[in-house]
Amino acid sequence: MDTLQQRLAAVRRRIATAADRAHRDPAGIMLLAVTKIFPAQVVRDAYALGLREFGENYVQEFEGKLPQLGDLAAARFHLIGHLQSNKCARAAEMFDCIQTVDSPKLARRLNQAGKPLDILLEVKLSPEQGKAGAPPEELPDLIAAVRECPNLRLLGLMTMPPWSADQEQSRPYFQRLHELAGRHGLPQLSMGMSHDLEAAIEEGATIVRVGTALFGKRRKP
Ligand SMILES: *Cc1c(COP(=O)(O)O)cnc(C)c1O
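Residues numbered from 1 in each chain as written. Predicted model: local features only at pLDDT ≥ 70, side-chain atom pairs only at ≥ 80, totals over all residues. Heavy atoms only, no water.

*Asks:* How do you make sense of the packing of aromatic side chains when you look at a structure like this?
*Replies:* Two numbers describe a pair of aromatic rings. These are the distance of the centres and the angle of the planes. Considering all chains together, one arrives at 4 aromatic pairs under this definition. Taken together, a centroid distance of 5.8 Å and an interplanar angle of 50° make the contact between Phe-38 and Phe-215 tilted. Here Phe-38 is found in the loop between strand S1 (30-34) and helix H2 (40-48), whereas its partner Phe-215 is found in helix H9 (residues 212-215), with 177 residues between them in sequence. There is no split in this pair, since Phe-38 and Phe-215 are both buried. Here the aromatic cluster, defined as three or more aromatic residues joined through ring pairs, consists of Phe-54, Phe-62, Phe-77 and Phe-95. The positively charged end of Arg-52 is found above the aromatic ring belonging to Tyr-47, 3.7 Å away from the centroid. (Phe/Tyr/Trp six-rings, centres within 6.5 Å; stacked < 30°, edge-to-face > 60°. Helix = DSSP H or I, 4+ residues; strand = E, 2+ residues; numbered from the N terminus. Buried < 20%, exposed > 50% of the residue type's maximum accessible area, 1.4 Å probe, protein only. Lys NZ or Arg CZ within 6 Å of the ring centre and 35° of its normal.)

*Asks:* So what exactly am I meant to see when it comes to the site of the ligand here?
*Replies:* Near the ligand, the surroundings consist of 13 residues, among which Lys-36, Asn-57, Ser-194, Thr-212 and Arg-218 are the closest. A distance of 2.5 Å separates an oxygen atom of the ligand from a polar atom in the side chain of Thr-212. Arg-218 places a side-chain nitrogen or oxygen 2.8 Å from an oxygen atom of the ligand. Out of a free accessible area of 390 Å², the ligand has 92% covered by protein chains. Of the residues contributing to the shell around the ligand, the split by class is 6 nonpolar, 4 polar and 3 charged. (Near = heavy atom within 4 Å. Polar contact = N/O pair within 3.5 Å; in protein donor to acceptor, adjacent residues only side chain to side chain. Areas by Shrake-Rupley, 256 points an atom, 1.4 Å probe, with all protein chains shown as cover. Nonpolar A, V, L, I, M, F, W, Y, C, P; charged D, E, K, R; others polar.)

*Asks:* Help me understand the side chain of Asp-102, please; the structure alone is not making it clear to me.
*Replies:* By secondary structure assignment, the location of Asp-102 is in the loop between strand S4 (97-101) and helix H5 (104-112). Buried within the structure, Asp-102 lacks any salt-bridge partner; Lys-124 is the closest side chain of opposite charge, at an N-O distance of 9.3 Å. Among the polar contacts listed, one links the side chain of Asp-102 to the backbone nitrogen of Gly-133, at a separation of 3.0 Å. Filtering out sequence-adjacent residues up to four positions away, Asp-102 remains in contact with His-82, Glu-122, Ala-132, Gly-133, Ala-134 and Leu-142. (Lys, Arg positive; Asp, Glu negative; His and termini not counted. Salt bridge = Lys/Arg side-chain N within 4 Å of Asp/Glu carboxyl O. Contact = heavy atoms within 4.5 Å.)

*Asks:* Just to check I follow, could you spell out the pairing of S4 for this structure?
*Replies:* In summary, the side chains of a regular strand alternate between the two faces of the sheet. Extensive coverage of S4 is indicated by the burial of 5 of its 5 residues. Two elements, strand S3 (residues 76-79) and S4, share 2 bridges in a ladder whose sense is parallel. Counted as the bridge partner of Leu-79 is Ile-98 from S4. With helix H4 (residues 88-94) bridging S3 and its parallel neighbour S4, the resulting β-α-β unit is right-handed. The sheet contact formed by S4 and strand S5 (residues 117-122) spans 3 bridges and is parallel. Paired with Ile-98 across the bridge in S5 is Ile-119. After leaving S4, the chain enters H5 and then returns to the sheet as S5, a path that is right-handed. (Pairing = 2+ DSSP bridges. Right-handed = clockwise from strand over helix to strand, strands pointing away.)

*Asks:* What is the right way to look at unusual backbone geometry in this model?
*Replies:* A negative phi holds for most residues other than glycine; trans holds for most peptide bonds. The phi dihedral of His-23 is positive, around 55°, even though this residue is not glycine. Within the secondary structure, His-23 sits in the loop between helix H1 (4-21) and S1. Residue His-23 is classed as exposed on the basis of its relative accessible area, which comes to 76%. Despite not being glycine, Ile-37 has its phi angle at roughly 75°, a positive value. Relative to the assigned elements, Ile-37 resides in the loop between S1 and H2. You can call Ile-37 buried: its relative accessible area is 15%.

*Asks:* Would you mind going over the pairing of S1 with me for this structure?
*Replies:* Most of S1 sits inside the fold, with 4 of its 5 residues counted as buried. Summarising the sheet, S1 and strand S8 (residues 207-210) pair through 4 bridges and their orientation is parallel. Counterpart to Ala-33 in the pairing with S8 is Val-210. One ladder, built from 2 bridges, connects S1 with strand S2 (residues 53-56); its direction is parallel. What sits directly across from Val-34, in S2, is Gly-55. Note on the crossover from S1 through H2 to S2: the handedness is right-handed.

Below, the structure written as structure tokens:
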């Protein structure tokens, strides 16, 4: 069985190879380690290997893990799962970056928490993408709402294409997100996961969100 260290090296090689193909500097691509469902010790192990940015999906689950992570001084935590407005205050306390803002109401609730937060807007690019995410036509209003919130720093866009084993199925979504970010002057693109990070990097991803390729299969939440 391979170790986390070996899997991390393999993911870093995949990122470097894709960046090279796209004539991009791999230093401009953040590896976000997705630790949802895994225990706090897995975050600690990843931190010991040099990972600093972590993605979690569930406010309540993370609440249980965070007390065991307080000494990881340089760790930054991103919420990448759907956020309910009644959990905004708690999420704002625990996370450094919220990648799933998809309504002005959510933005205002996060702003009210009074803590500076990095923000990405989750965009829904097709009807197959589930319920979360703002449709592209709502982005101008959503961006304006976030920019009126003094505690929120708007960095970019995030999306998750419908799952397919074939990366090429994800590519048009990545292209679309890139185009939208360009149109709105947003520098960060959070797109690409274990199975499609190469296509995402070729299409301009600045954050890839990787769980399975680092930590193995998860049990169902
Ligand atoms: C779980 C999850 C990931 C990681 O997916 P893997 O296929 O395990 O790499 C990335 N982004 C989001 C939004 C997720 O929920």
